[in-house]
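# Residue-level structure breakdown
One-letter residues, chain by chain:
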Amino acid sequence: MAVPKQRHNQSRRDRRRKNIYIDSPVLITCPKCGKPVLPHTICGYCGFYKNKEYINVLAKLEKKEQKKRAKEMKAHEKTEHSHDHEHEHSGKETEKH
Ligand SMILES: [Zn+2]
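Just so it is clear, the structure is predicted and the values come from calculations on it, not from any experiment.

### Side note on the overall build of the protein
Within the protein, the regular secondary structure consists of three helices and four strands. Sequence-ordered secondary structure for the protein, helices as α and strands as β, is α-β-β-β-β-α-α. For the protein, the proportion of its 97 residues judged to be buried stands at 6%. Within the protein, contacts between residues separated by at least 24 positions form 14% of all contacts whose residues are at least 6 apart in sequence.

Structure follows, in structure tokens:
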């Protein structure tokens, strides 16, 4: 069995280990509810992927939770709309100038 011939010092050990770490996961914000989700994955919060509902999230929740979540999603849709509007508006302004 191979046995280390000489002891590695701290800096050498740490140099070896500097690339041993876990990357933080890549997250995107869900276009439907705005929660951070993994890309190319159905959102676990609203059950949507590519503007299509794949999981009916509300069906599993209690009635109180259903209302709460439906409200949150609606609120996000409204903010999304205003955001789109701003983009259109700024685009028109640049055309004028
Ligand atoms: Zn979502």
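Next, the rest of the story.
### A word on unusual backbone geometry
In this model, His40 sits at a positive phi of 60 degrees, which is unusual for a non-glycine residue. Unusually for a residue other than glycine, Lys50 sits at a positive phi of about 55 degrees. Following the sequence through the fold, Lys50 ends up in the loop between β3 (48-49) and β4 (52-53). For Lys50, a count of 8 C-beta atoms within 10 Å gives the class exposed.

### Some points on the confidence of the model for the protein
Detailed reading of predicted coordinates is not advised where the pLDDT is low. The share of residues in the protein with pLDDT of 70 or more is 80%, and the mean pLDDT across the chain is 79. Within the protein, the lowest mean pLDDT, 65, falls on helix α3 (residues 63-96), and the highest, 95, falls on helix α1 (residues 10-17).

Rules behind the numbers
Residues numbered from 1 in each chain as written. Predicted model: local features only at pLDDT ≥ 70, side-chain atom pairs only at ≥ 80, totals over all residues. Helix = DSSP H or I, 4+ residues; strand = E, 2+ residues; numbered from the N terminus. Buried ≥ 20, exposed ≤ 12 C-beta atoms within 10 Å, placed from the backbone. Contact = placed C-beta atoms within 7 Å. pLDDT = per-residue confidence, 0-100.

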